[in-house]
Number of protein chains: 2
Amino acid sequence: MMIERNKGFANLAAGYLFPEVAKRRREYQAKHPDAKIISLGIGNTTEPLTPHIAKAMADYAKSLGTAKGYSGYGDEQGNAELRAKIAEVLYPKMAKADEVFISDGAKCDIARIQTLFGRNVKISVQDPAYPVYVDGSVVVGAAGASSKKGYKGVTYLPCTAENKFFPELEKIPADSIIYFCSPNNPTGACATKAQLKKLVDYANKNGCIIIFDAAYYAFIRDDKLPRTIYEIPGARKCAIEINSFSKLAGFTGVRLGWSVVPSDVKFADGTPVKQDWNRVMTTLFNGASNIAQAGGLAALDKEGQKETKALVDYYLENARLMEAALTGENFKKAGVKVYYTGDSPYLWVNFPGWKSWDIFDKILDECNVVTTPGSGFGPAGESYLRFSSFGHRKDVQEACKRLSKLVL
Amino acid sequence: MMIERNKGFANLAAGYLFPEVAKRRREYQAKHPDAKIISLGIGNTTEPLTPHIAKAMADYAKSLGTAKGYSGYGDEQGNAELRAKIAEVLYPKMAKADEVFISDGAKCDIARIQTLFGRNVKISVQDPAYPVYVDGSVVVGAAGASSKKGYKGVTYLPCTAENKFFPELEKIPADSIIYFCSPNNPTGACATKAQLKKLVDYANKNGCIIIFDAAYYAFIRDDKLPRTIYEIPGARKCAIEINSFSKLAGFTGVRLGWSVVPSDVKFADGTPVKQDWNRVMTTLFNGASNIAQAGGLAALDKEGQKETKALVDYYLENARLMEAALTGENFKKAGVKVYYTGDSPYLWVNFPGWKSWDIFDKILDECNVVTTPGSGFGPAGESYLRFSSFGHRKDVQEACKRLSKLVL
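Let us look at the structure shown here. (Residues numbered from 1 in each chain as written. Chains lettered and ligands numbered in written order. Predicted model: local features only at pLDDT ≥ 70, side-chain atom pairs only at ≥ 80, totals over all residues. Heavy atoms only, no water.)

**As for the packing of helix α3 (residues 51-63) of chain B against helix α11 (residues 290-300) of chain B**
Residues and elements named next belong to chain B.
Turning to step 1, where the next piece is worked out: The interhelical angle for the contact between α3 and α11, taken along N-to-C directions, is 145°, at an axis separation of 8 Å. Considering the relative orientation of α3 and α11, their crossing is right-handed. For the pair α3 and α11, the contacting residues are H52, I53, A56, M57, Y60 and A61 in the first and N290, I291, A292, A294, G295, A298 and A299 in the second.
Turning to step 2, where the next piece is worked out: A per-class count over the contact of α3 with α11 returns 10 nonpolar, 3 polar and no charged. (Axes fitted to C-alpha atoms, helices over the stretch in contact; angles between N-to-C directions. Helix = DSSP H or I, 4+ residues; strand = E, 2+ residues; numbered from the N terminus. Left-handed = near helix turned anticlockwise from the far one by under 90°. Contact = heavy atoms within 4.5 Å. Nonpolar A, V, L, I, M, F, W, Y, C, P; charged D, E, K, R; others polar.)

Below, the structure is given as structure tokens:
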């Protein structure tokens, strides 16, 4: 005998979506060494950090080399000044500094958050959805073996053109964890206040906890749309928010995120979830990099806010260019439908009669453009591709030119 | 009904050791606002980053603000150049680059590593030990409720003056995960090659996997002592090594560590542990900060190695000063015994007739010096204090002066 494997890993379906995309790209490039491949696939930021923020981190790193500027371990929950700044700038009258926890990114928080709950907890996810919600559940054993219908123990909530990408809430079982992402990855849908109110009311009525992934909030330009779930009355009782500087300030490689856990969210036995989350962060984590946190502070001051708005505007303009290309005559004729809200970095595009991976391969082959197959995000994503607006302008323009010549 | 709490959190014994130490210090300071408290408690680095390393990170952060220098998501397992450098510098002929995984620190890796194993896995730990080994096991449910004897499902291996702080291996059950730390936190003991060979042989014979915490390896000055477990034949079959730049280069706040998982370590079903660890790192983690990784690369080049050696020498000199003070007449008379090897940042000091927290309070009260109570690391740590050599020289000198006047 020897040591047993955590069964969750055997249960995890073969490839994580993005490595598979990267593999196909690599293989194509190997066969066609001259192809100039452009990626509109993975949601990876491409534009430099803005000057004020880069300088803040460079200065901080430099100061770590001085007796006065050096600091060792900080609070595991994050620098108090940054926690207060996030509460003040992003959650005025909605959350307090001690309800904000700084982390090394949203993906890591999503992975850690599953440790909070009993192993028999029910999981509900939007379909399609960011794969990590479910993968994290499989690893802790809250979700079981996978089949064509998805993982055992997970309730999938189809978000389709028919329901305007907002799920039928009645499908959610009582006492469920609900992962909800808005602006949505991959559909780009942005829930309205009325929709989020329905979600919050349903959660409060049915003993559910919402894990609200707001990592793309900075892309919202419509003032009527909620940028945090705490704009909704009652959300402080049932919702945890996960957020990130990755898409806000280009910190995908720098690594910085945060979570909000209001004191009012409680477990069945009355224990505040915040108490255990504090324990997770202090026992199983050791704080985000102090250099990254200095960058986070700079991103939220007046100058940083101005800069990050311009940075996000750049990607939004990319998205508009892509929308124009994907609604061209060649696409229209083939019945292709582009769902784009103007408040998200992602375009969600339906190709009737195509399997996602087939149209992915065709566009890779004929346009040398990498996209992300919608089916990788869940069964309801079949026949869709996700186009990401993260890219250099000239690459996006070139990709659009190639796409406009595609024969479907 | 509502959502159940993970029972592990209820099982976790009240205070994590270091927050309790911090609390007592805070309360003492509040009552005695004029007291000039010196901390020889928590193992937090105090000296500035060395010039070459600080500059490398500042330059990297600055370059992130340029089109040429910007980078977004890196490989989740870490920058390929850094993985190769660690393999080359620290594990020549012992481990390959693809067996090295970069992380945001040893504590986080220790927390994540528990997810690898089946929930019924047996856990063996040195007693005393760094609390996170057991706390992490409690959270995933591999360890159960706590009592005076410790947590259910955990085998404690007393490391005492009698056995020269190396445990009786025969107490370890078959098919157990063995957490082993050398140079040891808190005892400062540094296992010899002969001792580690016994450990590796025992693990291989009994189906065990060793999690070898080598976070203090840079403090080893005796050339005969092993600096990695892979110096021992057979270790590649049974040992995972966890390591960190925190104590090596003062990265406690910068956050950077690594793990080594050789391809030869396997689960009962033959699956290589490395395969699942790769999945953990890619699915539940998203890479260490690219700025920190630039610093890690600098720490391992020629100039960086020279600088970090001098940095560690500084703390070793602190330790020698403390050793001299704690072996003074006043301590000798009271039967106090100092265990210090010269190859560790920690002094392990026995106060016969005292409970750890009582002597902690006495030294806080009479010397205004913060230490760490040995009992917080496990039952066998009772009557001990851990003295940490991380401090500014003048603070250490002042603490030594005060300690030399202590009446026991």
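On we go.
**Structural notes on the packing of aromatic side chains**
Turning to step 1, where the next piece is worked out: Under the criterion given, the structure shown has 42 aromatic pairs over all chains.
Turning to step 2, where the next piece is worked out: Aromatic side chains A:W348 and A:Y384 sit 4.7 Å apart centroid to centroid with 10° between the ring planes, which places their arrangement in the stacked category. Separated by 36 residues along the polypeptide, A:W348 in strand β12 (residues 346-350) and A:Y384 in strand β15 (residues 384-388) bring together distant segments of the chain. Here A:W348 matches A:Y384 in class, with each residue buried.
Turning to step 3, where the next piece is worked out: Ring geometry for B:W357 against B:F360: centres 5.1 Å apart, planes inclined by 75°, an arrangement best described as edge-to-face. With B:W357 and B:F360 both in helix α14 (residues 356-367) and 3 residues apart, this pair spans about one turn of that helix.
Turning to step 4, where the next piece is worked out: Assessed through its relative accessible area of 0%, B:F360 is described here as buried.
Turning to step 5, where the next piece is worked out: Geometry around A:Y346 places A:R386 over its ring, the cationic atom sitting 4.0 Å from the centre.
Turning to step 6, where the next piece is worked out: Of note, B:R112 hangs over the ring of B:F285, and the distance from its end group to the ring centre comes to 4.3 Å. (Phe/Tyr/Trp six-rings, centres within 6.5 Å; stacked < 30°, edge-to-face > 60°. Buried < 20%, exposed > 50% of the residue type's maximum accessible area, 1.4 Å probe, protein only. Lys NZ or Arg CZ within 6 Å of the ring centre and 35° of its normal.)

**Quick notes on the interface of chain B and chain A**
Turning to step 1, where the next piece is worked out: If you look at the interface, chain B gives 80 residues, while chain A gives 80 residues.
Turning to step 2, where the next piece is worked out: Across the interface of chain B and chain A, roughly 6,500 Å² is buried in total on both sides, 60% from carbon and sulfur atoms.
Turning to step 3, where the next piece is worked out: At the junction of chain B with chain A, the criterion picks out 6 salt bridges.
Turning to step 4, where the next piece is worked out: With a shortest N-O distance of 3.8 Å, B:D269 and A:R5 are connected by a salt bridge.
Turning to step 5, where the next piece is worked out: Counting across the interface, chain B meets chain A through 34 residue pairs in polar contact (both at pLDDT 80 or more). (Buried area = accessible area lost by both parts, 1.4 Å probe. Salt bridge = Lys/Arg side-chain N within 4 Å of Asp/Glu carboxyl O. Polar contact = N/O pair within 3.5 Å; in protein donor to acceptor, adjacent residues only side chain to side chain.)

**Re the pattern of salt bridges**
All names here are of chain A.
Turning to step 1, where the next piece is worked out: On inspection of all chains with the given rule, the structure shows 40 salt bridges over all chains.
Turning to step 2, where the next piece is worked out: For K362, the salt bridge goes to E366, with nearest N and O atoms at 3.2 Å. Taken as a pair, K362 and E366 lie in helix α13 (residues 356-367) at a separation of 4 residues, close to a single helical turn.
Turning to step 3, where the next piece is worked out: On the basis of relative accessible area, K362 is assigned to the buried category, the value being 16%.
Turning to step 4, where the next piece is worked out: Across the salt bridge formed by R402 and E398, the nearest N and O atoms sit 2.9 Å from each other.

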